[in-house]
Each structure stands twice: as C-alpha cells, then as structure tokens.
Amino acid sequence: VDLLGTMYGSRAALPHLRRAGGALINVSSVAGKVAVPLQSAYSAAKHGIVGFDNALRMELERDGVPVSVTTILPYAVNTPFFNHARSKLGVLPQPTPPAYRPEAVAEAIVWAAEHPTREIIVGGAAKAIMVLERLSPRLVEWGMTFRGIGFALQTSDRPDDDVDNLFAPAPDDYRVRGEFHDLTVTGNAYTRVFEFHPVRQGLVVAGLLLGLGALLRRGRG
C-alpha cells in the first residue's frame, strides 16, 4: 500500500505539475536506504519509493519538465504508526530511539516545496547510520543483530492491543503525535543546519578531508 499509494499519487499529480511546474515530494524513510530487521516489508516499500523517485526524476529531466522530485528520508518519527501497524511481535512496537517529532518531517516537506532538492534527511541519527552503511554495510548489519539490540530497541514493554489499520481504518482519534514522548528528541538541528543548506555539508566534508590529510602527513613525518 505504501509503495503503490506513492506511485498512484504521483501519477495523479504529475499532469497538473507538467502544465504549471512545481515540486513532487514523496516521503520514504531511512529504511529506504538501510534495511531494518523486523521491518522487511516496510524496508522493501521504502526502498521502492527511493527507486521510483530516482527513475522518475531522470525521466522528467529528459523531457525537460520543470518539476523537481524530492525524497524525504526521516529517521523514526513519533506518530501513531506504531499503534496502527499490524505487528507479530506480541507486544506494542516502538520507534528505534531517538525518535523525532512529526513537525520535523513537515518542516522538511515545506522546505522542499520552496527549494528544489533531491533528498532531505530528517534527523542526525538517519544521517549517521546512512554514512556508516556506505562505509561498511556488514558492520551496520552486525551492529543491528549483535545481542539482538536491533530487535530489542523496536519492542516496548506494553502489550499489543491487536488493533491495526491493515484492511480497514483503525478506531482512533487520528492524532498527529504518538505516545513515545520519552524516546523523542525536541530539536532537529542537523536537518536545519546541513540538509537545508547543502553547501555547509560540502564545507564540513572538505574540512574533514583536509584534517585527515594533515594527520596522515604528520604521521608519515
């Protein structure tokens, strides 16, 4: 549903965007870049959104269509998703800490609407695990499975009520925020400082590379 909904929604929006231009913004997840244990179907759907956006972006560029395609990549977000999703864990699932507020994702979407951007990562934790995965996918997988930590962090100590919205809307007041406030950080400094200003990312990387080069030269000396 997640992947097909994104594809059908994009298909419905594109005729209007082709005429007037604008921004197509789809929400994937850090799980669209780094698979998460116990979330194979979710990870597959989010990987699919990333692939769909990448292919669509190239097709629109080929046709000269003035439409930007942005993929939002949040870390865990404290929404009622964890109450609504069907789970086989036997207990209520929880976001892998640190979770971020829904407002952080909304802010990234608004930014993308006004500033054409390929991808926006929401949360410093998402950036950190994506960088580690690029350096060593096997190390990340080992870290997630070591002593079952990647599994334990996703399970709460609360019983599952066996209510979900897989085939029908869940009976709920449809809140924006979830119930895991103790796992949620209030700020989103990384995204505001670096994702909204990509030049700063380049400067930081350049500075790190220069520093590393200086250390290597000193070591050789």
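Since this is a predicted model, take the numbers as computed values, not measurements. (Residues numbered from 1 in each chain as written. Predicted model: local features only at pLDDT ≥ 70, side-chain atom pairs only at ≥ 80, totals over all residues. Heavy atoms only, no water.)

## What to know about the packing of aromatic side chains
In step 1: Following the criterion strictly, the structure yields seven aromatic pairs and no others.
In step 2: An angle of 50° between the planes, with centres 5.6 Å apart, marks the rings of Y42 and F81 as tilted. You can see Y42 sitting in helix α2 (residues 40-63) and its partner F81 sitting in helix α3 (residues 81-84), a full 39 residues away along the chain.
In step 3: For Y42, a relative accessible area of 26% corresponds to the partly exposed category. (Phe/Tyr/Trp six-rings, centres within 6.5 Å; stacked < 30°, edge-to-face > 60°. Helix = DSSP H or I, 4+ residues; strand = E, 2+ residues; numbered from the N terminus. Buried < 20%, exposed > 50% of the residue type's maximum accessible area, 1.4 Å probe, protein only.)

## Some details on the layout of surface pockets
Left-over empty space is what a probe sized like a water molecule reveals as it rolls over the atoms.
In step 1: Estimates place the volume of the largest pocket at around 1,800 Å³.
In step 2: In terms of lining, the largest pocket is formed by 49 residues, of which the most central are Q39, Y42, F81, F82 and A85.
In step 3: Counting only elements with at least two residues in the lining of the largest pocket, the list comes to α1 (2-20), α2, α3, α5 (124-135), α6 (137-145) and α7 (149-152).
In step 4: Broken down by element, the residue count for the lining of the largest pocket peaks at five residues, all from α2. (1 Å grid on protein atoms, 1.4 Å probe; cavity = no way out; pocket = protein on both sides within 12 Å on 5 of 7 lines; lining within 4 Å. Points joined across faces, edges and corners; volume = space filled by probe spheres on them.)

## A closer look at the side chain of S28
In step 1: Relative to the helices and strands, S28 resides in the loop between β1 (22-27) and α2.
In step 2: Residue classification places S28 among the buried residues on the basis of a relative accessible area of 2%.
In step 3: Of the polar contacts made by the side chain of S28, one reaches the backbone oxygen of K46; its length is 2.9 Å.
In step 4: If near-sequence neighbours (up to four positions away) are discounted, S28 is found in contact with K46, I49, V50, T71, I72, L73 and P74. (Polar contact = N/O pair within 3.5 Å; in protein donor to acceptor, adjacent residues only side chain to side chain. Contact = heavy atoms within 4.5 Å.)

## Examining the packing of α5 against α6
In step 1: Between α5 and α6, whose axes approach to 5 Å, the crossing angle comes to 125°. Viewed along their axes, α5 and α6 adopt a mutual orientation that is oblique. Contact with α5, carried on its side by I129, L132, E133 and L135, involves P137, V140 and M144 of α6 and no other residues of that element.
In step 2: Residues belonging to the contact of α5 with α6 are distributed by class as follows: six nonpolar, no polar and one charged. (Axes fitted to C-alpha atoms, helices over the stretch in contact; angles between N-to-C directions. Parallel < 35°, antiparallel > 145°, perpendicular 65-115°, else oblique. Nonpolar A, V, L, I, M, F, W, Y, C, P; charged D, E, K, R; others polar.)

## With respect to a nonpolar patch on the surface
In step 1: A grouping of L139, W142, F146, I149 and L153 is seen on the molecular surface, where their side chains present a nonpolar patch of about 460 Å² in accessible area.
In step 2: Here W142 is to be found in helix α6.
In step 3: With relative accessibility at 45%, the residue W142 sits in the partly exposed group. (Patch = residues over 30% accessible without salt bridge, like charges linked within 9 Å, V, L, I, M, F, W, Y side chains within 5 Å. Areas by Shrake-Rupley, 256 points an atom, 1.4 Å probe, with all protein chains shown as cover. Salt bridge = Lys/Arg side-chain N within 4 Å of Asp/Glu carboxyl O.)

Honestly, it's all geometry; don't read function into it.
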